[in-house]
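Each chain, written out:
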Amino acid sequence: MGKRALITGITGQDGSYLAELLLGEGYEVWGAVRRTSSGRLGRLEVFADRLHLVPADMSDQGSLIDAVEQSSPDEVYNLAAQSFVGDSWKEAVYTGDVDALGVTRLLEAVRRVKPDARFYQASSSEMFGKVHETPQSETTPFHPRSPYGVAKVYGYHVTVNYRESYGMHASNGILFNHESPRRGVEFVTRKISDGVARIKLGLAGELRLGNLDAKRDWGFAGDYVRAMWLMLQQDRPDDYVIGTGETHTVREFCELAFARAGLDYQEHVKVDERFIRPAEVDLLLADPSKAKRVLGWEPRVSFRELVEMMVDADVERMRAAAAARA
C-alpha cells in the first residue's frame, strides 16, 4: 500500500511539481483547494484525474481539520500562502492570516487528527531579508523586510515549536527563489520570460521592471520539491536551507533571457519606479551544504538552463496561441 500525502497549495507552481513527483513515487495524492481556486487547475490538468481534491482554506480551522480527516495522510506539505512579496504590503493582514496563523491552524489540525503524520512547512529565504551574513545558512539570523517575510518567520518558528512541544515530525524547508515555466506571471522571472516572448513575437515593444541590480539565488522548482520530499523521508525532523549557492542579478536574468530570443535586453527593458519595493532585499545567497550532506540533495538544472527553459516555454505557448487564433 502506497503512502498518502496531503498538499496545501497544490494548484501553485510548487504544488504541481510536488504532486507530479509524489505520483511518480506511488503516493495517493490529496490536494487541499480553496473554493475560489477550484477553477484554476491548469498546472494539474495533465494528471488531475489521479488526484483527490478536498475543499479547505488556510483561514478556516474547521475545513483544515476536515481535510486531514478525509485524507488521513502519512505526509502533509504546507505550500499554501499569499506568496507574492510585492502584494504583501497591500494585503499585510491577509498575508499574516494565511502565511502565519494558517500554519498554526494546519499544524493544530494534524496534531489533533493525525499526529504521526510528517509535516513540511514551506519557509522562505525572504525571512533573511536584510542579511546579517553571506551566504545564508540554517543558523543565519532572520531580519525580514516585508510583511510576507515577517509572516514566514512566524510560520517557521511555530513549526519548530510544534516539533519541540508535541514531538511532531515537522520540518522547515528554507527555500531560496525557485522558478519554472509554471511560475505565475506576477513574479519577476516569469514576467521577464513572458515579456521576452511578447517582444519576440511582435506583441510588445518594451518590458518595465524594478531594481535590476537585486541579486537572488535562483533554481528550478522541480529540483526543490525533491528536497521537500527528502526532508520527510529522514528519521529525524530538521530545518534545511535549499538553494544553488550561486547569485545572479535581475539584469543577468534579462541578458540571458533576451539573448535566448536573439534580442538585446538594453533595447527593451525600462526601469519603472512603480516596481521598486518599499524595503528592498538586495542580496540572497544560500549555503545548501547541510542539505547536500544530510539529504544528498543537489540542484540538477543550472541558472542558464532555467532561464532558457522558461523563455522557450513562453515563446512556444504564445506561438501556439497565435496559431490557434489564426
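Residues numbered from 1 in each chain as written. Predicted model: local features only at pLDDT ≥ 70, side-chain atom pairs only at ≥ 80, totals over all residues. Heavy atoms only, no water.

What to know about the overall build of the chain
Broken down by element type, the chain carries 9 helices and 13 strands. Taken against the 2.2 N^0.38 rule, which gives 20 Å for 326 residues, the C-alpha radius of gyration of the chain at 19 Å falls within 12% of a compact globule. Across its three principal directions, the C-alpha atoms of the chain cover 55 × 50 × 40 Å. Across the 326 residues that make up the chain, the buried fraction comes to 53%. (Helix = DSSP H or I, 4+ residues; strand = E, 2+ residues; numbered from the N terminus. Rg over C-alpha atoms; globule rule 2.2 N^0.38 Å. Buried < 20%, exposed > 50% of the residue type's maximum accessible area, 1.4 Å probe, protein only.)

Let's talk about helix α6 (residues 221–231)
A large share of α6 lies buried, amounting to 11 of its 11 residues. All buried positions along α6 are accounted for by A221, G222, D223, Y224, V225, R226, A227, M228, W229, L230 and M231.

A look at the sheet that holds strand β11 (residues 239–242)
Think of a sheet as strands paired side by side through backbone hydrogen bonds, with each pair either parallel or antiparallel. In spatial order, the strands read β3-β2-β1-β4-β5-β6-β11; together these 7 strands make up an open sheet with parallel pairing. Looking at the sheet topology across the chains shown, the edges are occupied by β3 (52–55) and β11. Direction aside, neighbouring strands of the sheet carry axes that sit 20 degrees apart on average. Its contacts with the sheet place helix α1 (residues 13–24) against β1 (4–8), β2 (28–33) and β4 (75–78), and it is angled at close to 175 degrees to β1. (Pairing = 2+ DSSP bridges. Axes fitted to C-alpha atoms, helices over the stretch in contact; angles between N-to-C directions. Contact = heavy atoms within 4.5 Å.)

Topic: the environment of A214
One can find A214 in the loop between β8 (207–209) and β9 (215–216). Using a relative accessible area of 6% as the deciding quantity, one classes A214 as buried.

So, the nonpolar core
Where a protein is soluble and globular, its nonpolar side chains tend to be buried together. The biggest cluster of nonpolar side chains holds 60 residues, and the ones touching the most others in it are I7, L22, V29, Y77, Y120, I192 and I242. By residue number, the principal contributor to this core is α6, which donates 8 residues. In contact with I7, other than residues within four places in its own chain, are G15, L18, A19, L22, V29, W30, G31, A32, Y77 and L79. Core analysis: the next-biggest nonpolar cluster, separate from the first, contains 24 residues, L6, A80, F119 and M168 among them. (Core = buried A, V, L, I, M, F, W, Y, C linked by side-chain atoms within 4.5 Å.)

Everything listed here is a matter of geometry and, on its own, says nothing about what the molecule does.
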